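Here's the letter readout for the chains.
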Amino acid sequence: MGLGRREFLRLAGLALVGLTVDPLKAVAVNKNYYVNKKFGIILEKPDTWDFVAVKDYGRLRDEQILPDEIGLTKEEIFEDLGEPAFIITKYWQDTPEFKGKFSPTISAFINHKSELDFEYDSFEELIELSGIGTGTILKEFEQTGVEGPLLISNCKSYIRKATYSFEHVDLKESIRTNLKVVIIEHNDFYYFINMHDSDQVGETAQKEFDDCIKTIRLV
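Novice: An account of the packing of aromatic side chains is requested, with residue identities and associated values reported.
Specialist: Tallied over the full model, the rule gives nine aromatic pairs. Chaining the aromatic ring pairs together yields one cluster made of Y120, F123, Y158, Y190 and F192.

Novice: Describe the nonpolar core, listing the residues and the values that go with them.
Specialist: One finds I41 and I106 to be the most contacted residues of the largest nonpolar core, which totals 25 residues. Beyond its immediate sequence surroundings of up to four residues, I106 is in contact with P46, W49, F86, I87, I88, I193, N194, M195, F209 and C212. Counting residues in hydrophobic clusters, the runner-up holds 19 residues, among them I127, L138, Y164 and V181.

Novice: Provide a residue-level description of the pairing of strand β10 (residues 175–186), including the pertinent values.
Specialist: Where burial is concerned, most of β10 is hidden: 10 out of the 12 residues are buried. Pairing geometry for strand β9 (residues 155–168) and β10, over 10 bridges, is antiparallel. Each residue of the ladder has a partner; that of S165, found in β10, is R176. What sits between β9 and β10 in their antiparallel hairpin is a turn of six residues. Summarising the sheet, β10 and strand β11 (residues 189–197) pair through nine bridges and their orientation is antiparallel. Opposite H186, over in β11, you have F189 as the bridge partner. Hairpin connection of β10 to β11: two residues between the antiparallel strands, including N187 at a positive phi of 55°.

Conventions we followed
- Residues numbered from 1 in each chain as written.
- Predicted model: local features only at pLDDT ≥ 70, side-chain atom pairs only at ≥ 80, totals over all residues.
- Heavy atoms only, no water.
- Phe/Tyr/Trp six-rings, centres within 6.5 Å; stacked < 30°, edge-to-face > 60°.
- Core = buried A, V, L, I, M, F, W, Y, C linked by side-chain atoms within 4.5 Å.
- Buried < 20%, exposed > 50% of the residue type's maximum accessible area, 1.4 Å probe, protein only.
- Contact = heavy atoms within 4.5 Å.
- Helix = DSSP H or I, 4+ residues; strand = E, 2+ residues; numbered from the N terminus.
- Pairing = 2+ DSSP bridges.

Written out as structure tokens, the structure reads:
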């Protein structure tokens, strides 16, 4: 059910203190805070991490290497996914000293229920089907568990966990990566918040992920 609108707007005001914001603008970022009025979500990113401009998403997705046996082109896959609501990363890859370095990342996709192109009978079945779908586009994907149901900002939620092999044009070899997906059902939308880190290369961020989850507020 989320927060009441008055409480959401109060928190949004606090998050944007000191920032001149166009009242017609749906999305605003202020220091660590992300406020999306269109989808009614506020959260706080890990300190020292950066928001990535969504306009750069096309280039970032093109640099990731996906399995050859999917049966879909990369363009078709990402057309189905749509653009992310936001991307947050520990290391911004355009910085020369971090080029080729694996970076823990948080990204979110927010979908209206009518946009989903498959049938399901319950939120729980959606969790299962979305896991199967994710497994078809990530290399050596292995689900490791599901937590829930949970309440996040008073909304029914699950956290799905998995591992996969991440390959990128700037990486010499694949990296075994942890995937934590927070899936929230709220009004007519599903919020998919994806969190990636890696034990293999010593870039773990589970504390940062958990702290971020605690800050999520939905109206």
